[in-house]
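Analysis of the macromolecular model
Chain residues, written in single-letter form:
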Amino acid sequence: MDVRTEIRRERRVELVLEGQRYFDVRRWKEGDRLGKDIEGVKASWFPSLAGSAYRKNAQGFLVVQWNRAFESPKNYLWPVPQTQIDRNPNLGQNPGW
């Protein structure tokens, strides 16, 4: 494993529960990860969910969010606040916003 891959793996493990993972994904231009469905636990772990109407993927995991979208390059940048554009007329808006 090269150093870059190891650093990214370590940051993924360390920062995911601290709310900082989102910024790394954007910084590393891996926005396609943010457009995928969010999966939960394996449905077979909970027998009471066997015949339920919960959404599951092909591997049997519960899907807790679907139809997510990530637009490139729009979602790699934040929109410039209108107050800042009002203060500086030479300032433009980021692409897609």
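Just so you know, these numbers come straight off a predicted model, no measurement behind them.

Here's the deal with the overall build of the protein
Of the regular secondary structure elements, the protein holds three helices and two strands. What you see in the protein, going N to C, is helices and strands ordered as α-α-β-β-α. The C-alpha atoms of the protein give a radius of gyration of 19 Å, which is well past the 13 Å a tight globule of 97 residues would have. Considering only C-alpha atoms, the protein reaches an extent of 60 × 40 × 20 Å along its principal axes. Taken across its 97 residues, the protein has 20% of its residues classed as buried. Across the protein, contacts joining residues at least 24 apart in sequence account for 33% of those joining residues at least 6 apart. Total accessible area on the protein stands at roughly 7,700 Å², and carbon and sulfur atoms take up 54% of it. Put simply, the protein has 17 plus and 12 minus side-chain charges, and the middle of one group is 3 Å from the middle of the other.

Here's the deal with the side chain of Asn-57
On the secondary structure map, Asn-57 appears in the loop between strand S1 (38-42) and strand S2 (61-65). According to the relative accessible area criterion, Asn-57 is buried, its value standing at 17%. A distance of 2.8 Å separates the side chain of Asn-57 from the side chain of Glu-39, its partner in a polar contact. A distance of 3.1 Å separates a polar atom in the side chain of Asn-57 from the backbone nitrogen of Gln-59. Apart from residues lying up to four places away in sequence, Asn-57 is in contact with Glu-39 and Val-63.

Quick notes on the environment of Trp-78
As for its placement among the helices and strands, Trp-78 is situated in the loop between S2 and helix H3 (82-87). The exposed category is assigned to Trp-78, whose relative accessible area is 52%. Counting along the chain gives 42 residues from Trp-78 to Lys-36, while the straight-line C-alpha distance between them is 20 Å. Setting aside residues up to four positions removed in sequence, Trp-78 forms contacts with Tyr-22, Phe-23, Arg-26, Asn-94 and Trp-97.

What about the environment of Asp-24?
Within the secondary structure, Asp-24 is located in helix H2 (residues 21-27). Owing to a relative accessible area of 0%, Asp-24 belongs among the buried residues under this scheme. For the pair formed by Asp-24 and Trp-66, sequence separation is 42 residues and the distance between their alpha carbons is 22 Å. Those residues in contact with Asp-24 that lie beyond four places of it in its chain are Arg-11 and Leu-15.

What counts and what doesn't
Numbering of residues begins from 1 in every chain and follows the order in which that chain's sequence is written. For this predicted model, a pLDDT threshold of at least 70 governs which residues receive local features, and a threshold of 80 or more governs which side-chain atom pairs are given and counted, while totals over whole chains, interfaces and linings are taken from all residues. Think of the side-chain values as coming from all heavy atoms in the structure, minus any hydrogens and water. Runs of E in the DSSP output that reach at least two residues are strands. Runs of H or I that reach at least four are helices, and both are numbered from the N terminus. Radius of gyration here is computed from C-alpha atoms only, and the compact-globule reference equals 2.2 Å multiplied by the residue count raised to the power 0.38. Only protein chains enter the accessibility calculation, which uses a 1.4 Å probe; a residue whose area is less than 20% of its type maximum is buried, one above 50% is exposed, and one in between is partly exposed. When checking whether two residues touch, look at their non-hydrogen atoms; a contact exists if any pair is within 4.5 Å. Methods summary: accessible areas were calculated by the Shrake-Rupley approach with a probe of 1.4 Å, and residue burial reflects only the protein chains presented. Working convention for charge: Lys and Arg count positive, Asp and Glu count negative, and His plus the chain ends are omitted. A charged residue contributes its charge at one atom only: NZ of Lys, CZ of Arg, CG of Asp or CD of Glu. By the criterion applied in these results, polar contacts are pairs of N or O atoms within 3.5 Å in which, for protein atoms, one can donate a hydrogen and the other can accept it, and in which residues neighboring in sequence qualify only through two side-chain atoms.

Everything listed here is a matter of geometry and, on its own, says nothing about what the molecule does.
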